[in-house]
Amino acid sequence: MLSLRNICKTFNMTGAKEDERVALDHINLDIEPGEFVTIIGGNGSGKSTTLNVVAGSITPDSGDILLNGESILKLKEYQRASYFGRVFQDPMMGTSGDMSVLENLEIAYRRGRVHSPFVWGFKKENKEDFIRELKRFDLGLEDRLNQKVGVMSGGQRQALTLLMATMRNKPTHKMVRRDYIKFSEKDKSLAAKEFDDVYEPAKKEYKEKCKVIKSDKNLTFEQKKQQIADIYDEFDKKVRQFDLTKQILLLDEHTAALDPKTAKKVLELTDKIVKENQMTTLMVTHNMKDALTYGNRLIMFNQGHIVLDVKGEEKKKLTVEDLLKKFDVQI
Ligand SMILES: Nc1ncnc2c1ncn2[C@@H]1O[C@H](COP(=O)(O)OP(=O)(O)O)[C@@H](O)[C@H]1O
Ligand SMILES: [Mg+2]
């Protein structure tokens, strides 16, 4: 769970009192694992500042930020990067223009977390998985692996950034264990035992099944590869139940600079990735319809305050008119 406790932030450009800008005024917010929160609010209402405070690019004046009960306030932005994936409005920001698609992904992969057969290792066989993944984007990226990102459309760059943001958040099993022990509210040795009691037998089972598949003379090499990948997935899933720090995605108007058709594609892709990976997500959007269509919780900011917070069924019933009314009252 991600918690913001009494977060305050005032900007002061010149030092003069009249130039002070209260960006966040005692923000309290608890976000449950797997929640997909859409965030709306007028210009300057504090949406971006909130994401920046969470990611560590802005230090709040007061308050605390907890990840699964532990304060992360003292962690620097780069130290928090393994817990958060970010996509900004500007397609130029997430990717490196003079590098190819593959090089960009390789950097994300290296910056991310070390080796696991599940993460693309840029070996030949992994590259195939990777092309398959890019094809799902339906933006023609798979044919442009070696092309410089700088010549690509904003939509292609945002899709790539999105993929990179989610790649970074796949910790190795060892890291899942470490963070489970660190962030679990349980007693440390109990948490370790709980993890090991699932991990050790699962690993043993995986290895044994591998052996059986490898020695099966009725299977082709391709079939063996597929079956091993499937049982690895099964094993991996068991381990990732313990991934407390998994995948918090911070999206700040990431489709605002795209044409409507591409924006829709990137949004749908976002939704798919979030759902498949059950990623906890905060998505800022200026589009009320998108804020209603996507996600399972909606938050509205106004002048550094949260003025609306609706979840589940209640959110489903909301209409654009409701939101506009709320906006009117606030502004
Ligand atoms: N780096 C900054 N320096 C000075 N003022 C800032 C800075 N970032 C944000 N602000 C101010 O803080 C308030 C909230 O900004 P922001 O969080 O960017 O709003 P939003 O994303 O909702 O449009 C605004 O009044 C804005 O002008
Ligand atoms: Mg903003």
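1. Side note on helix 9 (residues 221–240)
- Under the 1.5 Å per step criterion, the end-to-end length of helix 9 is 28 Å for 20 residues, consistent within 8% with the ideal 28 Å.
- Listed as buried for helix 9 are Lys-224, Ile-228, Ile-231, Tyr-232, Phe-235, Asp-236, Val-239 and Arg-240.
- At its buried positions, helix 9 is contacted by helix 7 (173–183) and helix 8 (188–214).

2. Notes on the site of ligand 1
- The local shell around ligand 1 holds twelve residues, among which Gly-44, Gly-46, Lys-47, Ser-48 and Thr-49 are the closest.
- In the environment of ligand 1, an oxygen atom lies 2.7 Å from a nitrogen or oxygen atom belonging to the backbone of Gly-44.
- Ser-48 is positioned with one of its side-chain polar atoms (N or O) 2.8 Å from an oxygen atom of ligand 1.
- When contributions to the shell around ligand 1 are tallied by element, the ones reaching two or more residues are strand 2 (20–31) and helix 1 (47–55).
- With three residues, the top contributor of residues to the shell around ligand 1 is helix 1.
- Looking at the shell around ligand 1, its residues break down into three nonpolar, seven polar and two charged.

3. Remarks on the packing of helix 6 (residues 154–167) against helix 10 (residues 260–277)
- Between helix 6 and helix 10, whose axes approach to 10 Å, the crossing angle comes to 15°. By the angle class used here, helix 6 and helix 10 are roughly parallel. Seen from above, helix 6 lies across helix 10 with right-handed handedness. When helix 6 is examined against helix 10, the residues Gly-155, Gln-158, Ala-159, Leu-162 and Thr-166 are found in contact with a partner set consisting of Thr-262, Val-266, Leu-269, Thr-270 and Ile-273.
- Its residues assigned to classes, the contact of helix 6 with helix 10 comprises five nonpolar, five polar and no charged.

4. Thoughts on helix 8
- With 27 residues, helix 8 ought to run about 39 Å at 1.5 Å a step, and its terminal C-alpha atoms sit 38 Å apart, in line with that.
- The largest bend along helix 8 measures about 25° and falls at Asp-196.
- The secondary structure elements touched by the buried residues of helix 8 are helix 7 and helix 9.

The rules behind the values
Residues numbered from 1 in each chain as written. Chains lettered and ligands numbered in written order. Predicted model: local features only at pLDDT ≥ 70, side-chain atom pairs only at ≥ 80, totals over all residues. Heavy atoms only, no water. Helix = DSSP H or I, 4+ residues; strand = E, 2+ residues; numbered from the N terminus. Expected span 1.5 Å × (residues − 1). Buried < 20%, exposed > 50% of the residue type's maximum accessible area, 1.4 Å probe, protein only. Contact = heavy atoms within 4.5 Å. Near = heavy atom within 4 Å. Polar contact = N/O pair within 3.5 Å; in protein donor to acceptor, adjacent residues only side chain to side chain. Nonpolar A, V, L, I, M, F, W, Y, C, P; charged D, E, K, R; others polar. Axes fitted to C-alpha atoms, helices over the stretch in contact; angles between N-to-C directions. Parallel < 35°, antiparallel > 145°, perpendicular 65-115°, else oblique. Left-handed = near helix turned anticlockwise from the far one by under 90°. Bend = angle between axes of the 7 residues up to and from the residue.

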